Amino acid sequence: MTTFFPKLSILAIATAATLGVQAQAQDKVLNLYSARHYQTDEVMYDTFTRTTGIKINRVDADDAGIVARLRAEGAASPADVIMLVDAARLATADAQGLFQPIKSAKLDAAIPANLRATATADGVTWTGFSTRARVIVYDPARVKAEDVSTYEQLADPKLKGMVCTRSGSHPYNLSLFSTVVERLGDQKGEAWLKGVVSNMARAPKGGDTDQIKGVASGECGVALTNTYYVARLIKSTKPEDKAVMDKVRVSFPNQGTSGTHVNIAGAGVAKHAKNRDNAILFMEFLASPYAQDYFANGNNEFPTVKGLKIDNPAIKAMGGDNFKAETVPLGVVAKNMTKVQQMLDRAGYK
């Protein structure tokens, strides 16, 4: 997996050296509870250990499993850093008091405020370290590009019987829908959700890759997906995956208005962290250019650090190397999720 980075950049070496010096006086351990399961992340963690001497003990589970474990462990939990893969899940863990606020000038300078929890006088509870865009995939033989240039158009009668999605309550969709409601307001937002439901080709089911394949097969005309699912199919050497991508196109919605919705993978320092200094050091490492490159190229995501560009052929192929992203704060959006779930129930969005 080291083929992405045959050598560290000068900036990465400088970052690593600084981290190593800061870690010298600390206990050499960090307990990480992570919902991310990518080999490239492991290489990144190994680099952190080599440059700081801090050993990472990792507990891997899905988001729900991690939250359940933390709640069961309570104050006895050994967790120092909690890493989750969606703003909705981060917000839920935060609401349950699983994070503690921290103050870091480095994180404040590196990560835009809209990709972090809302700051308080005590600090910030969670921070996003990679983003993915939620885009529209469509069949160019059935749908014109100008008819899927915004999320709002998913409720347009032109798309009657064409829309496919995974469950509306899945965090990927719930985050998007909460953003749309934040922009449109409650009344218009709920009407939009009802319009999307009325345009569905079939009941929500499957994951994002299933939606893309549904468009390619003709079952759907348009579908919602995260960009890294598209990138995986673009990079695939399987003939069947290449055939799928030959039949679909990608739209980054709302480029002329609010920007395309982005979600995050992020982390926070655990409420009962026993190695708090190491935890903050690790969080700052995740915002380094070296780690940001690994996030971006290892899982076809986008960096959160301001002004950092990536060179990923799959991202470029789908037209996502220079898109306008929305700036609605994810911390604000997260507060809408209970309300939006109720809207989904009323709309019959399963």
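Residues numbered from 1 in each chain as written. Predicted model: local features only at pLDDT ≥ 70, side-chain atom pairs only at ≥ 80, totals over all residues. Heavy atoms only, no water.

A.B. asks: Could you clarify how one ought to interpret the overall build of the protein in this entry?
C.D. replies: On a plain count of helices and strands, the protein comes out with 15 helices and 10 strands. Over its C-alpha atoms the protein spans a radius of gyration of 20 Å, differing by no more than 12% from the 20 Å that the globule rule assigns to 350 residues. C-alpha extents for the protein along the principal axes are approximately 65 × 40 × 35 Å. Taken across its 350 residues, the protein has 56% of its residues classed as buried. In the protein, 79% of the contacts between residues at least 6 apart in sequence involve partners at least 24 apart. Summed over its atoms, the accessible surface of the protein is roughly 14,400 Å², and 53% of this surface lies on carbon and sulfur atoms. Distance from the positive charge centre (42 side chains) to the negative charge centre (35 side chains) of the protein: 1 Å. (Helix = DSSP H or I, 4+ residues; strand = E, 2+ residues; numbered from the N terminus. Rg over C-alpha atoms; globule rule 2.2 N^0.38 Å. Buried < 20%, exposed > 50% of the residue type's maximum accessible area, 1.4 Å probe, protein only. Contact = heavy atoms within 4.5 Å. Areas by Shrake-Rupley, 256 points an atom, 1.4 Å probe, with all protein chains shown as cover. Lys, Arg positive; Asp, Glu negative; His and termini not counted. Charge placed at Lys NZ, Arg CZ, Asp CG, Glu CD.)

A.B. asks: Explain the confidence of the model for the protein to me, please; I cannot follow it from the model alone.
C.D. replies: The predicted coordinates should not be examined in detail at positions where pLDDT is low. Residues with a pLDDT of 70 or more make up 93% of the protein, whose mean pLDDT is 90. Note that pLDDT drops below 50 for residues 1-18; the model gives that stretch 20 contacts with residues more than four away or on any other chain. Within the model, pLDDT remains below 50 along residues 20-25, and this stretch shows 9 contacts once partners closer than five positions in the same chain are excluded. (pLDDT = per-residue confidence, 0-100.)

A.B. asks: Even after reading the chapter, I still don't get the state of the cysteines, so can you show me in this structure?
C.D. replies: By definition, a disulfide links two cysteine residues through a covalent bond between their sulfur atoms. In total, this model carries 1 disulfide according to the counting rule given. Two residues share a disulfide in this structure: Cys164 and Cys220, whose sulfurs sit 2.1 Å from each other. Disulfide Cys164-Cys220: the torsion about the S-S bond is -90°, which places it as left-handed. With Cys164 in strand E6 (residues 163-164) and Cys220 in the loop between helix H8 (208-217) and strand E7 (222-226), this residue pair connects regions lying 56 residues apart in the sequence. (Disulfide = S-S within 2.5 Å.)

A.B. asks: What should I look at first to understand the pattern of salt bridges in this one?
C.D. replies: Pairing is possible between side chains that carry opposite charge, provided their charged atoms lie close to one another. This structure, assessed with the given rule, holds 16 salt bridges. Here Glu42 and Arg58 are joined by a salt bridge, their closest N and O atoms 3.4 Å apart. With a gap of 16 residues between them, Glu42 in helix H2 (residues 39-52) and Arg58 in strand E2 (residues 55-60) connect regions that are remote in the sequence. Taking the relative accessible area as the measure of exposure, Glu42 reaches 38% and is therefore partly exposed. Overall, Arg58 belongs to the partly exposed group, its relative accessible area being 32%. Overlapping salt bridges, with partners in common, bring together Arg36, Asp41, Arg132 and Glu301 in one network. (Salt bridge = Lys/Arg side-chain N within 4 Å of Asp/Glu carboxyl O.)

A.B. asks: Looking at this structure, I do not really get the pairing of strand E9 (residues 262-270). What am I missing?
C.D. replies: Successive residues of a regular strand alternate their side chains across the two faces of the sheet. Most of E9 is tucked away: 9 of the 9 residues are buried. With 4 bridges joining them, strand E3 (residues 81-84) and E9 adopt antiparallel strand pairing. Across the sheet, Met83 pairs through a bridge with Ala267, a residue of E9. Pairing geometry for strand E4 (residues 99-100) and E9, over 2 bridges, is antiparallel. What sits directly across from Gln100, in E9, is Val269. Both strand E5 (residues 127-138) and E9 contribute to a ladder of 6 bridges, which runs antiparallel. Across the sheet, residue Thr127 finds its bridge partner in E9, namely Ala267. (Pairing = 2+ DSSP bridges.)

A.B. asks: Would you mind going over the pairing of E3 with me for this structure?
C.D. replies: Burial of E3 is two-sided: the residues Val81 and Met83 facing one way and the residues Ile82 and Leu84 facing the other way are all buried. Pairing of strand E1 (residues 29-34) with E3 involves 3 bridges; the strand directions are parallel. Paired with Leu32 across the strands is Val81, a residue of E3.

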